[in-house]
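# Architecture and fold: a report
In case you want the letters, here they are:
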Amino acid sequence: MAKTIFEELGGKYERQVDYLIPCIALPAEEEQPIGTWGQRHLDYLKQHRKVTYTNLLTSGRLNAYLADIDKQAQERFERLIEGMKQAQAITERLKEENALEWVQHLNIIPEKRPRKKQ
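The shown structure was predicted, so the numbers you read here are calculated from the model rather than taken from an experiment. (Residues numbered from 1 in each chain as written. Predicted model: local features only at pLDDT ≥ 70, side-chain atom pairs only at ≥ 80, totals over all residues. Heavy atoms only, no water.)

## What to know about helix H4 (residues 62-87)
End to end, H4 covers 37 Å across 26 residues, agreeing with the expected 38 Å (1.5 Å per residue, within 8%). The complete set of buried residues in H4 reads Leu62, Asn63, Leu66, Ala67, Asp70, Phe77, Ile81 and Lys85. Of the surrounding secondary structure, the elements contacted by the buried residues of H4 are helix H2 (36-48), helix H3 (50-59) and helix H6 (99-108). (Helix = DSSP H or I, 4+ residues; strand = E, 2+ residues; numbered from the N terminus. Expected span 1.5 Å × (residues − 1). Buried < 20%, exposed > 50% of the residue type's maximum accessible area, 1.4 Å probe, protein only. Contact = heavy atoms within 4.5 Å.)

Rendered as structure tokens:
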């Protein structure tokens, strides 16, 4: 029997009753923690960018991609919070002089972590 292209490339088959099933596995990928921003982007990819999601998954780069997106989004969020603090003159000196006013100003700025989806 002639070899298939799959066999010529080093692939192997496993016999299941009367069928030959190709032995296929996703490439190993380093596990990295993915935060809220990365999880949200994963949901977006699954719902609206299915081809991109599939390409990243099958190439073994999905986890690293999502960890990078999560890191970038968290850094951007922290820069926005710092910018809001500077615009509203919320400083450590204000905290020392009038803690109550400092807390009131901080409560205007959104939480430091993203809200959960509803």
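## Structural notes on the packing of aromatic side chains
Aromatic ring pairs are reported here in terms of the distance separating the ring centres and the angle at which the planes meet. Under the counting rule described, the total for this entry stands at 1 aromatic pair. Where tryptophan 37 meets phenylalanine 77, the ring centres are 5.6 Å apart and the plane angle is 50°; that geometry is what we call tilted. Note that tryptophan 37 is positioned in helix H2 and phenylalanine 77 in helix H4, a separation of 40 residues in sequence. Judged by its relative accessible area of 21%, tryptophan 37 is partly exposed. On the accessibility criterion, phenylalanine 77 (15% relative accessible area) is buried. Above the face of the tryptophan 37 ring, arginine 40 is positioned so that its terminal group lies 5.6 Å from the ring centre. (Phe/Tyr/Trp six-rings, centres within 6.5 Å; stacked < 30°, edge-to-face > 60°. Lys NZ or Arg CZ within 6 Å of the ring centre and 35° of its normal.)

## Quick notes on the pattern of salt bridges
One side chain can pair with another of opposite charge once the charged atoms of both are near each other. Taken as a whole, this structure holds 2 salt bridges when the rule is applied. Between glutamate 82 and lysine 85 there is a salt bridge whose closest N-O contact spans 3.7 Å. Of the two residues, glutamate 82 and lysine 85 both sit in helix H4, 3 residues apart, roughly one turn of that helix. Residue glutamate 82 is classed as partly exposed on the basis of its relative accessible area, which comes to 40%. (Salt bridge = Lys/Arg side-chain N within 4 Å of Asp/Glu carboxyl O.)

## Remarks on unusual backbone geometry
One non-glycine residue, valine 17, adopts positive backbone phi at about 55°. Within the secondary structure layout, valine 17 lies in the loop between strand S1 (13-16) and strand S2 (19-22).

## Digging into the pairing of S1
Note: S1 against S2, 4 bridges, orientation antiparallel. Its bridge partner lying in S2, tyrosine 13 is registered against proline 22. Counted between consecutive antiparallel strands, the loop separating S1 from S2 contains 2 residues, among which valine 17 sits at a positive phi close to 55°. (Pairing = 2+ DSSP bridges.)

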